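Spelled out from the first residue to the last, the chains are:
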Amino acid sequence: MERNYLLLTPGPLSTSETVRKAMLQDWCTWDKDYNEGIVTPIRHNLLELAGLDEEHYTTVLLQGSGTYCVEATLGAAVRPEDKLLILANGAYGKRMAQIADYYKLNYVLVSLEETELVTGEVARKALEANPGITHLSMVHSETTTGLLNPIEEVAEVIRGRGITFIVDAMSSFAGVPIDIRGLDIDFLISSANKCIQGVPGFGFIIAKKEQMLATQGNARSLSLDIYAQWETMEKGHGKWRFTSPTHVVRAFYQAMQELKEEGGIEARHSRYEENHRTLVDGMRALGFQTLLSDEKQGCIITSFLYPSANFNFPDFYNKLKTKGFVIYPGKISDADTFRIGNIGDVFPEDIKRLLQAIKEVM
Ligand SMILES: *Cc1c(COP(=O)(O)O)cnc(C)c1O
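Every value quoted in this text rests on a predicted model; they were computed, and no experiment measured them.

**Comments concerning the domain arrangement of the chain**
It is common to give the size of an interface as the accessible area that goes away when the parts come together. Structurally, the chain comprises domain 1 (6-11 + 264-361) and domain 2 (19-260). The C-alpha centroid of domain 2 is placed 27 Å from the C-alpha centroid of domain 1. Between domain 1 and domain 2 lies a buried interface of about 2,200 Å² when both sides are counted; carbon and sulfur atoms form 57% of it. Its largest share of buried area at the contact with domain 2, domain 1 owes to I265, R268 and K296, together 29% of the area lost on that side. Taken together, the connections running from domain 1 to domain 2 amount to zero salt bridges. Where domain 1 meets domain 2, there are 15 residue pairs in polar contact (both at pLDDT 80 or more). Per-element accounting of the side of domain 1 that touches domain 2 gives the leading share, seven residues, to helix 10 (residues 264-285). Residue composition of the side of domain 1 that touches domain 2, grouped by class: ten nonpolar, nine polar and eight charged.

The structure is reproduced here in structure tokens:
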């Protein structure tokens, strides 16, 4: 079936026709065709994709959007006697603090400007100023702006200090290489509808097995209890506790195969980089400026400043939509921006067509 439009958004994003077609069958949620044939292979493939062994690492899939998994992880990993440090530079970092408020967690939020990076230096100062931190959480690719935080630097700062490292890699996992073992990440969170290029409906958590086991009994929400969900998946060979999004899961299985066929994370990263490069070069040639300098910018999504004070974004958006492209509004408070995503079933030729369309509507 033909596309209604190409989504140039950070997810849900444009999926391949074969991923969408994979949803045309119904699956029995407790049958082994589904649990052993689809869910279990997905859990294996996620660890393989992350380069992790099954002895020390594990995964759990959870119904809902990505935020459900962030909430489930914070709600189960951080106990009342713990102290969480949240390093934020955008809406998704701040959302972790909102979650911490709901759960009445003992936490410290360090909130930077949206154009500043969460560096090792930021982490070091925050730890100095706040003794007794047991957990540190941050966002890798801050989709608010498109900035890519140097999690490697933060990992170095906390190495050997016994601090549990929680990374929201929602919009980067599988699109940007991440050395989960090397960085000693304890919990990494992502979802079906980002760089693996599936459709929305569930998220997943990759964790050190000992950390997953240690969450037993901690959750303060039944449906977001990652230990109970994990235990059911382990014992039931891929069984979910409650109704699972079967069609979405089947589509995800297909999306993972397509990622493998493309050449894995490195190959996908190269394509996203090329999309991003083509977009930025083309937009600059048309007179647009990026919000971020090139060193801070990741390849996932790019923020552009309005070209003039009287720029009419809704009109620009609608004209591009008529030409088959859906872009994204900006999400930051102190500059007028719009965003264009580089991820999904999107190729440099699509970006070239977009640039032509932008030239025509300007
Ligand atoms: C997409 C995204 C999320 C999750 O958002 P949902 O709307 O719940 O899917 C969380 N963090 C980041 C960085 C994201 O890009």
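**Let's talk about the state of the cysteines**
Scanning the model with the defined rule gives zero disulfides in all. Take C195: it sits in no disulfide, and the sulfur closest to it among the cysteines is that of C299, at 7.5 Å.

How each quantity is defined
- For every chain, the first residue of the written sequence is number 1, and numbering continues from 1 along that sequence.
- Totals for whole chains, interfaces and linings use all residues, but because this is a predicted model, local features are given only for residues with pLDDT of at least 70 and pairs of side-chain atoms are given and counted only at 80 or more.
- Hydrogens and waters are ignored; side-chain quantities use all the structure's heavy atoms.
- Each domain's extent is set by a domain assignment, obtained either automatically or from a database.
- By convention, the term buried area covers the 1.4 Å-probe accessible surface removed from two parts as they join, with the contributions of both added.
- Criterion for a salt bridge: a side-chain nitrogen of Lys or Arg within 4 Å of a carboxyl oxygen of Asp or Glu.
- A 3.5 Å cut-off defines polar contacts: any pair of N or O atoms within that distance qualifies, except that in protein one atom must be a possible hydrogen donor and the other a possible acceptor, and neighbouring residues in sequence count only when both atoms are side-chain atoms.
- Each helix is a run of H or I in the DSSP string that is no shorter than four residues. Each strand is a run of E no shorter than two, and both are numbered from the N terminus.
- When residues are grouped by polarity, Ala, Val, Leu, Ile, Met, Phe, Trp, Tyr, Cys and Pro land in nonpolar, Asp, Glu, Lys and Arg in charged, and all others, Gly among them, in polar.
- Here, the term disulfide refers to a pair of cysteine sulfur atoms separated by no more than 2.5 Å.

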